[in-house]
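Below, each chain spelled out in residue letters.
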Amino acid sequence: GAVVSQHPSWVICKSGTSVKIECRSLDFQATTMFWYRQFPKQSLMLMATSNEGSKATYEQGVEKDKFLINHASLTLSTLTVTSAHPEDSSFYICSARVEGGLSGSNQPQHFGDGTRLSIL
Amino acid sequence: EDKVVQSPLSLVVHEGDTVTLNCSYEVTNFRSLLWYKQEKKAPTFLFMLTSSGIEKKSGRLSSILDKKELFSILNITATQTGDSAVYLCAVGRGTYKYIFGTGTRLKVLA
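Just so it is clear, the model here is predicted, and its values are computed rather than measured.

Engineer: Just checking my understanding: could you explain the pattern of salt bridges for this structure?
Structural biologist: Two side chains carrying opposite charge are able to pair once their charged atoms lie near each other. Counted by the stated rule, this structure contains 6 salt bridges over all chains. For A:R24, the salt bridge goes to A:E22, with nearest N and O atoms at 3.4 Å. Given the relative accessible area of 35%, A:R24 is considered partly exposed. In this structure A:E22 comes out as partly exposed when scored by relative accessible area, which is 24%. B:R60 is the partner of B:D83 in a salt bridge, and the nearest nitrogen-oxygen pair spans 2.8 Å. A residue pair is termed long-range when its members are at least 10 positions apart, and B:D83 in the loop between β8 (71–76) and β9 (85–93) and B:R60 in the loop between β6 (56–58) and β7 (61–66) qualify at 23 residues. A residue is classified by how much of its surface remains accessible, and B:R60, at 23% relative accessible area, is partly exposed.

Engineer: Explain the interface of chain B and chain A here, please?
Structural biologist: Where the parts come together, the accessible area they lose is often given as the size of the interface. Counting residues at the interface gives 21 residues for chain B, matched by 24 residues for chain A. Buried area between chain B and chain A, summed over both chains or domains, comes out near 1,800 Å², and the portion from carbon and sulfur atoms is 54%. Taken together, chain B and chain A are joined by 1 salt bridge. Connecting chain B to chain A are 4 residue pairs in polar contact (both at pLDDT 80 or more). Looking at the side of chain B that touches chain A, the elements that each hand over two or more residues are β4 (30–38), β5 (44–49) and β10 (97–100) of chain B. Top element by residues in the side of chain B that touches chain A is β4(B). It accounts for 5 residues. Along the lines of polarity and charge, the residues of the side of chain B that touches chain A split into 10 nonpolar, 6 polar and 5 charged.

Engineer: Before we go on, may I ask you to explain the packing of aromatic side chains in this structure?
Structural biologist: Geometrically, a pair of aromatic rings is defined through the distance of the ring centres and the angle of the planes. Across all of its chains, the model carries 8 aromatic pairs over all chains by this definition. Between A:F111 and B:F100, the ring centres sit 5.9 Å apart and the planes meet at 70 degrees, which makes this aromatic pair edge-to-face. Of this pair, A:F111 sits in strand β10 (residues 109–111) while B:F100 sits in strand β10, which puts the two residues in different chains. You'll find A:F111 and B:F100 in the same group, each marked buried. Here the aromatic residues A:Y36, A:F111, B:Y36, B:F45 and B:F100 are joined through ring pairs into a cluster of three or more.

Engineer: Teacher, can you tell me more about the side chain of A:Q38 here?
Structural biologist: Structurally, A:Q38 can be placed in strand β4 (residues 32–38). Within the structure, A:Q38 has its side chain in polar contact with the backbone oxygen of A:Q42 (distance 2.9 Å). Among the polar contacts made by the side chain of A:Q38, one reaches the side chain of B:Q38 at a distance of 2.9 Å. Discounting chain neighbours no more than four positions away, the residues touching A:Q38 are A:S43, A:L44, A:S90, A:F91, A:I93 and B:Q38.

Engineer: How do you make sense of the state of the cysteines when you look at a structure like this?
Structural biologist: Among covalent bonds in proteins, the disulfide is the one between the sulfur atoms of two cysteines. For the structure on display, the rule yields 2 disulfides over all chains. Here A:C23 engages in a disulfide with A:C94; their sulfurs sit 2.0 Å apart. Residues A:C23 and A:C94 are joined through a disulfide that is right-handed, its torsion about the S-S bond being 80 degrees. Note that A:C23 is positioned in strand β3 (residues 19–25) and A:C94 in strand β9 (residues 90–97), a separation of 71 residues in sequence. Side by side, A:C23 and A:C94 carry an identical accessibility label, which is buried. Across the disulfide, B:C23 is cross-linked to B:C89 (sulfur-sulfur distance 1.9 Å). Measuring the twist about the S-S bond at about -65 degrees, one finds the B:C23-B:C89 disulfide to be left-handed. Separated by 66 residues along the polypeptide, B:C23 in strand β3 (residues 19–26) and B:C89 in strand β9 bring together distant segments of the chain. Here B:C23 matches B:C89 in class, with each residue buried. Unpaired in terms of disulfides, A:C13 finds its nearest cysteine sulfur in A:C94, a separation of 18 Å. We classify A:C13 as buried; its relative accessible area is 11%.

Reading the values: rules and limits
Residues numbered from 1 in each chain as written. Chains lettered and ligands numbered in written order. Predicted model: local features only at pLDDT ≥ 70, side-chain atom pairs only at ≥ 80, totals over all residues. Heavy atoms only, no water. Salt bridge = Lys/Arg side-chain N within 4 Å of Asp/Glu carboxyl O. Buried < 20%, exposed > 50% of the residue type's maximum accessible area, 1.4 Å probe, protein only. Helix = DSSP H or I, 4+ residues; strand = E, 2+ residues; numbered from the N terminus. Contact = heavy atoms within 4.5 Å. Buried area = accessible area lost by both parts, 1.4 Å probe. Polar contact = N/O pair within 3.5 Å; in protein donor to acceptor, adjacent residues only side chain to side chain. Nonpolar A, V, L, I, M, F, W, Y, C, P; charged D, E, K, R; others polar. Phe/Tyr/Trp six-rings, centres within 6.5 Å; stacked < 30°, edge-to-face > 60°. Disulfide = S-S within 2.5 Å.

Okay, here's the thing in structure tokens:
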């Protein structure tokens, strides 16, 4: 259980293109999903928290207009990198937390397989 | 400022060795500490620790938390080449936000 699917796995595109990454919880509902960014040999940096039915919460220094997040259903969140440039090249990972139950607020996050974005 | 520090940064051992990975933290409103293993793709969940002194064990891996001294260790006994990965420590604060350490890169040589 608790499978998170992320698509696509790898994207290579030209500078100026907008890229959409999907994150789906396959066998559970997630009102909250998380988007991370990871540079080579560095740890995961939380970019934003995606909330179903409401606006995402962005971490300090993350441009809201650059990284658009939509969480339209309990199983899907999308991250759109708008007008991507080479400096946006990175590994983007989403995660979701199983919610509900007695310990619903203290559940581990489960990660998708990540999307490697390369902007030429 | 909240921080999670892992040590060592990198470690090379031979198969059969035992390794201990460290994670220390300074996080307000601590809820839990998690260990993940990251190979080429996204991290896979290993342990979640919430109480001090209670060891969690899964096969050759075990972990324990010390909430007084603010650290956790991850032990791997009889290491195998398949244990080669980056091991991430994450501390949960508040309702659901997690802060990740920089990870320990473990390489196990045959």
